[in-house]
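Residues per chain are reported as follows:
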Amino acid sequence: MLIALLLPSRSMAQQTLCNSCPPDNIGIWPGLPWINHGCVDFPITVQGVTCMWRVCYCYRTSGIVSPNEFTEVYICSAQTLVPCELELTPTDMITIGGRELLRQNPAGNLPCPPCPPAQTNYRVYWTSCKHETTGLFCNSLDALCGEEFKICCDPLTGARYTLFTGNVQIGGTCPTGCKQECP
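What you are looking at is a predicted structure, and each value in this text was computed from that prediction instead of being measured.

1. Section: the confidence of the model for the protein
When pLDDT is averaged along the protein, the result is 84; 88% of the residues meet or exceed 70. By mean pLDDT, strand β5 (residues 129–131) is the weakest element of the protein at 88, and strand β1 (residues 35–46) is the strongest at 95. Confidence over residues 1–14 falls short of pLDDT 50; this stretch has 35 contacts with residues more than four positions distant or in other chains.

2. Section: the packing of aromatic side chains
Scanning the entire structure with this criterion turns up three aromatic pairs. Measuring from ring centre to ring centre gives 6.3 Å for tryptophan 34 and tyrosine 125, while their planes differ by 70 degrees; the resulting arrangement is edge-to-face. One end of the pair, tryptophan 34, is in the segment before β1; the other, tyrosine 125, is in strand β4 (residues 122–127), and 91 residues separate them in sequence. Residue tyrosine 125 is classed as buried on the basis of its relative accessible area, which comes to 0%.

3. Concerning the state of the cysteines
If you walk through the whole model with that rule in mind, you get nine disulfides. Note that cysteine 112 is cross-linked by a disulfide to cysteine 153, the S-S spacing being 1.9 Å. Of note, the bridge from cysteine 112 to cysteine 153 carries an S-S torsion of about 110 degrees and is right-handed in sense. Of this pair, cysteine 112 sits in the loop between α1 (90–104) and β4 while cysteine 153 sits in strand β6 (residues 144–153), placing them 41 residues apart in sequence. With a relative accessible area of 14%, cysteine 153 lands in the buried category. The side chain of cysteine 145 participates in a disulfide bridge whose partner is cysteine 182; the two sulfur atoms lie 1.9 Å from each other.

4. Details of the pattern of salt bridges
Considering all chains together, one arrives at six salt bridges under this definition. Two residues, glutamate 147 and arginine 99, come together in a salt bridge whose shortest N-O distance is 2.5 Å. Here glutamate 147 is found in strand β6, whereas its partner arginine 99 is found in helix α1, with 48 residues between them in sequence. Among the residues examined, glutamate 147 registers a relative accessible area of 5% and is labelled buried. A relative accessible area of 38% means that arginine 99 is categorised as partly exposed. When the shortest N-O distance is used, the salt bridge between glutamate 148 and arginine 123 registers 2.7 Å. Taken together, the residues span a long stretch of sequence, with glutamate 148 in strand β6 and arginine 123 in strand β4 at a distance of 25 residues. Pair check on accessibility: glutamate 148 and arginine 123 agree, each one buried.

5. Comments concerning the side chain of asparagine 121
When you line up the elements, asparagine 121 lands in the loop between α1 and β4. Contacts of asparagine 121, omitting those with residues within four sequence positions, involve Glu69, Phe70, Thr71, Pro113, Phe149, Lys150 and Ile151.

6. A look at the pairing of strand β2 (residues 49–61)
Of the pairings in the sheet, the one linking β1 to β2 comprises eleven bridges and is antiparallel in character. Paired with valine 46 across the strands is valine 49, a residue of β2. Hairpin remark: β1 followed by β2, antiparallel, with two residues in the connecting loop; positive phi at glutamine 47, about 50 degrees. As defined by bridge partners, β2 adjoins strand β3 (residues 71–80) across nine bridges and the pair is classed as antiparallel. Looking across to β3, one finds that arginine 60 is bridged to glutamate 72.

What counts as what
Residues numbered from 1 in each chain as written. Predicted model: local features only at pLDDT ≥ 70, side-chain atom pairs only at ≥ 80, totals over all residues. Heavy atoms only, no water. pLDDT = per-residue confidence, 0-100. Helix = DSSP H or I, 4+ residues; strand = E, 2+ residues; numbered from the N terminus. Contact = heavy atoms within 4.5 Å. Phe/Tyr/Trp six-rings, centres within 6.5 Å; stacked < 30°, edge-to-face > 60°. Buried < 20%, exposed > 50% of the residue type's maximum accessible area, 1.4 Å probe, protein only. Disulfide = S-S within 2.5 Å. Salt bridge = Lys/Arg side-chain N within 4 Å of Asp/Glu carboxyl O. Pairing = 2+ DSSP bridges.

This is the structure we're talking about:
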């Protein structure tokens, strides 16, 4: 069974931009504006099954020359474009979509300092508010879950490496009837 993640008021197939990005004061770089990249379609393999996915996201980067550059990414939606033989929860979809976006960088807009990474240099966020009855995501941009990574590219081959370094949770307020839930 495929579980498609739907956000309020529009289906993913119609979505070309995130409805909105998090407030600029959320995360590592308070005040640095988020860039609404829109959506990117690319193949992702999960449990041996390859499907085309659509991942929609916002991002911002410090612009400081590596290794001190830091990039934040907000995943507003992730789904398969056609029915795919996967049983995934909405949280699985967002998490896998975000990790693969970092690993594959299909749009080529997420910086990659040369290896080895000296420090954690990426955070990926997603909304963490879920409806208490349906379990679907609620619209909230200040209560976020996330993961941190070290990312680097081999200067000779260009191969991109990602290393998970931990979870993050940004507390905030969920709408009525929703509660914050992070993995």
